[in-house]
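An overview of the molecular structure
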Amino acid sequence: GMSENVSENISTSSKDERDKLISGRTPKKTVIATDFWSKSFVKYSSDVKAVAEIATLSKSSIADVLECYYADIRKKDGGMYSKNSYFAARAGIQRHLSAAREDVNIFTDPEFRRCNQVLDGLLKDKKRLGLEPAVKHKDAIADGDWDKISDYFA
């Protein structure tokens, strides 16, 4: 039967190899962005809000700091970040917090509703003030090109 062939299909993996599989799931640029934004948030928490370890606070206390952080952060030149940078910041901070504790989700937990509304309002203000460049769309695909595409996939 099948049972006698099972051992031929098994190799033994080390914990180190399995750890590499886990760490390899996250793209390098994501790791770099997470590192940047989490350090920025931790530094802000410490320097501006006098919080020693942000991840140890209650959800509502983290949300209070996050609300101020979104409104206060600026680039080195004093300008505001792009919309995608704010989204990257939020995602990086979520990854940082969830590495420390699994019970925090700054996207969906009700304690974070207000700080997310502050971020949303900030981005809408930027757009209203013309500080967020409009999306640059590519030219529409010409009819002749649609025909070539259709023929190609036919």
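Each remark here, short or long, concerns the structure printed above.
Cut-offs applied
- Residues numbered from 1 in each chain as written.
- Predicted model: local features only at pLDDT ≥ 70, side-chain atom pairs only at ≥ 80, totals over all residues.
- Heavy atoms only, no water.
- Core = buried A, V, L, I, M, F, W, Y, C linked by side-chain atoms within 4.5 Å.
- Buried < 20%, exposed > 50% of the residue type's maximum accessible area, 1.4 Å probe, protein only.
- Helix = DSSP H or I, 4+ residues; strand = E, 2+ residues; numbered from the N terminus.
- Contact = heavy atoms within 4.5 Å.
- Salt bridge = Lys/Arg side-chain N within 4 Å of Asp/Glu carboxyl O.
- Axes fitted to C-alpha atoms, helices over the stretch in contact; angles between N-to-C directions.
- Parallel < 35°, antiparallel > 145°, perpendicular 65-115°, else oblique.
- Nonpolar A, V, L, I, M, F, W, Y, C, P; charged D, E, K, R; others polar.

A short note on the nonpolar core
- Ranked by size, the top nonpolar core spans 25 residues in total, and within it Leu66, Tyr69, Leu97, Ile106 and Phe112 carry the most contacts.
- Counting residues per element, this core draws most heavily on helix α3 (residues 59–72), at six residues.
- With residues up to four places along the chain from it excluded, the contact list for phenylalanine 112 reads Lys59, Ile62, Ala63, Leu66, Val104, Asn105 and Ile106.

Structural notes on the pattern of salt bridges
- Applying the stated rule across the entire model yields 11 salt bridges.
- Between lysine 59 and aspartate 109 there is a salt bridge, and its shortest N-O distance comes to 3.1 Å. Remark: aspartate 109 occurs in the loop between α4 (83–100) and α5 (113–128) and lysine 59 occurs in helix α3; sequence separation between them is 50 residues. Each member of the pair, lysine 59 together with aspartate 109, is buried.
- A salt bridge links lysine 126 to glutamate 132, with the shortest nitrogen-to-oxygen separation between them at 2.8 Å. The pair formed by lysine 126 and glutamate 132 is uniform in burial state, with each residue classed as buried.

Quick look at the packing of helix α2 (residues 28–47) against α3
- Close contact between α2 and α3 brings their axes to 10 Å; oriented N to C, the two are set at 105°. Put simply, α2 runs roughly perpendicular to α3. Between α2, through Trp37, Ser40, Phe41, Tyr44 and Ser45, and α3, the contact on the second element is made entirely by Ile62, Val65, Leu66, Cys68, Tyr69 and Asp72.
- Per-class residue counts for the contact of α2 with α3 are eight nonpolar, two polar and one charged.

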